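Listed below are the residues making up each chain.
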Amino acid sequence: MKKFSTRALTTLSLSIALATGAVMPMTSVAQPRHDEIQLAADAPDRHVVVKGDTLWGIAGLFLKEPWRWPEIWQLNKAEIRNPHLIYPGDIVYLDRSGATPRLRLGRSVGGSADGMNGRGLNGKGISHLEPTVRATQLDAAAIPSISLSSIQAFINRPLIVDEHGLQSSPYIVAPQQDGRVNVGNGDKVYVRGIGKDNPTRGWHIYRPAKPLVDPVTRKVLAYEATYLGSGDLVRTGDPGTLAITKVAEEITDGDRLVPAEIDQDVNFVPRAPEVDNLDGRIVSIYHGVTMVGRNSVVAINLGSKNGLANGHVLKIEHAGRTVKDRVSKQMVRLPNEDVGQLLVFRTFGNIAYGLVVDATAPITVGDIVTNP
């Protein structure tokens, strides 16, 4: 019996559902909200996936609220955890035939290039749709949830450390070339603190950690180390020699070393948190700037202990200011104002990092984050 990859079988199942109009059997389907899903004003009938697309971007083509993607796609919990079933060349169809719109994935056979002759799944203009098995490499590049270029420096970096920071970590003692203050790609540095028997080859380089302070309680929540670059250990000893392979920021004597982590999976579906009534604040903006906009990374004072996970979308609000009512002579607190959304992509116990995916006003430290 011929064996197919999991990817090929998944594509076959999705294509059969598309061709027959059947709904794929689901278990533990993501719970819908009580309000009706709203399509984007100019939602297309279909979208051909191309390299450079993201799940968030495609969701925004079809929905006013992209984070409600699991509902319209009818994903179950397993698929939310490992959602990358969408590859360049696939076609996402918007099915408006039922009481609730839904998205389907498939490929057409015959007719026009997308099999729709310019119309969607509304019972008209479907030239010919068939279940197909497409030979696809298991390591083929599926589209990511969000643009990885904006978060690359945060994906596999142990940014959050304990209160002692990196005091016991190996460190750079001097550049190999005498007289150099800072080093760049290809330069070598001498390092101390890496034992002769340590098998680790790849290392990340950090500046000693700074505290992340809760803007409301003023308590230290965690310590954030600044990622500076990476290197490979090319000679053991005390001192050993590290060859610099990447420079993100200035590297100099005294900077600390942490073993490079194994690549983490960033496959997730944008979705609302399962926990209600979240109430957090933005505690830090990377690089210490005071105001940011879309595609910026921020840290918030909520984490896995609060029920957050990668893929959760939060609303960002400016806190309403307090003004004096000249008529009643009373102090009145104005309502909070929505100013954007962020998508959580890395979580720790008390802290999470999020990418600002939408902003209608500058985002600042102290802004409120809550359920969308």
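Here the structure is a predicted model, which means the values were calculated and not measured.

The next thing to look at is unusual backbone geometry. Residue Pro 239 is bonded to the preceding Asp 238 through a cis peptide linkage, with omega at 5°. Following the sequence through the fold, Pro 239 ends up in the loop between β8 (220-235) and β9 (240-247). Phi at Arg 218 takes a positive value of approximately 65°, unusual for a residue other than glycine. Looking at Arg 218, the relative accessible area reads 58%, which means it is exposed. With a phi close to 70°, Asn 295 is a non-glycine residue in the positive phi region. Take Asn 295: it is sitting in the loop between β12 (291-292) and β13 (297-300). Look at Asn 295 and you get partly exposed, because its relative accessible area is 39%.

What follows deals with the pattern of salt bridges. Using the criterion set out here, one finds 12 salt bridges in the structure. Through salt bridges that share partners, Glu 65, Arg 68 and Glu 71 make up one connected network.

Along the polypeptide, Ser 296 turns up in the loop between β12 and β13. According to the relative accessible area criterion, Ser 296 is buried, its value standing at 17%. Side-chain polar atoms of Ser 296 contact the backbone oxygen of Gly 293, separated by 3.1 Å. The contact partners of Ser 296, leaving out residues within four places of it in the chain, are Gly 354, Leu 355 and Val 356.

Aromatic ring pairs are defined here through the distance separating the ring centres and the angle between the ring planes. The full count for this structure, using the stated rule, is two aromatic pairs. With centroids separated by 5.8 Å and ring planes inclined at 65°, the aromatic side chains of Tyr 206 and Tyr 227 adopt a geometry described as edge-to-face. Of the two residues, Tyr 206 sits in strand β7 (residues 202-213) while Tyr 227 sits in strand β8, which places them 21 residues apart along the sequence. Neither residue differs from the other here; Tyr 206 and Tyr 227 are each classed as buried. Geometrically, the ring pair formed by Phe 348 and Tyr 353 is edge-to-face, given 6.3 Å between the ring centres and 80° between the ring planes. Among the residues examined, Phe 348 registers a relative accessible area of 17% and is labelled buried.

Counting 28 residues, the largest nonpolar core has Ile 146, Phe 345 and Tyr 353 as the members making the most contacts within it. Mapped onto this core, the elements with two or more residues apiece are β4 (160-161), β7, β8, β13, β17 (337-347) and β18 (352-359). Ile 58, Trp 69, Ile 72 and Leu 75 belong to the second-largest nonpolar core, a separate cluster that totals 20 residues.

So, on to the pairing of strand β3 (residues 102-106). Summarising burial for β3: four of the five residues are buried, a large majority. Bridging between strand β2 (residues 91-95) and β3 involves five bridges; their strand directions are antiparallel. The residue of β3 that forms the bridge with Leu 94 is Leu 103. The hairpin formed by β2 and β3 contains six residues between the paired strands.

Relative to the assigned elements, Gln 177 resides in the loop between β5 (171-175) and β6 (188-192). By relative accessible area, which is 48% here, Gln 177 ends up partly exposed. Here the alpha-carbon distance between Gln 177 and Lys 188, two residues 11 residues apart in the chain, equals 7.8 Å.

In spatial order, the strands read β1-β2-β3; together these three strands make up an open sheet with antiparallel pairing. Unpaired on one side and paired on the other, β1 (46-48) and β3 mark the two borders of the sheet. Adjacent strand axes in the sheet meet at a mean angle of 20° when their direction is disregarded. In this fold helix α2 (residues 55-62) packs onto β1, β2 and β3, with an angle of close to 150° to the strand it touches most, β1.

Next up on the list: the environment of Asp 187. Along the polypeptide, Asp 187 turns up in the loop between β5 and β6. Put simply, Asp 187 and Pro 175 are 12 residues apart on the chain and 7.9 Å apart in space, counted from C-alpha to C-alpha. Excluding residues that lie within four positions of it along the chain, Asp 187 makes contacts with Arg 180, Leu 242, Ala 243 and Ile 244. Only 2.7 Å separates the side chain of Asp 187 from the backbone nitrogen of Gly 184, close enough to count as a polar contact.

Criteria and thresholds
Residues numbered from 1 in each chain as written. Predicted model: local features only at pLDDT ≥ 70, side-chain atom pairs only at ≥ 80, totals over all residues. Heavy atoms only, no water. Helix = DSSP H or I, 4+ residues; strand = E, 2+ residues; numbered from the N terminus. Buried < 20%, exposed > 50% of the residue type's maximum accessible area, 1.4 Å probe, protein only. Salt bridge = Lys/Arg side-chain N within 4 Å of Asp/Glu carboxyl O. Polar contact = N/O pair within 3.5 Å; in protein donor to acceptor, adjacent residues only side chain to side chain. Contact = heavy atoms within 4.5 Å. Phe/Tyr/Trp six-rings, centres within 6.5 Å; stacked < 30°, edge-to-face > 60°. Core = buried A, V, L, I, M, F, W, Y, C linked by side-chain atoms within 4.5 Å. Pairing = 2+ DSSP bridges. Axes fitted to C-alpha atoms, helices over the stretch in contact; angles between N-to-C directions.

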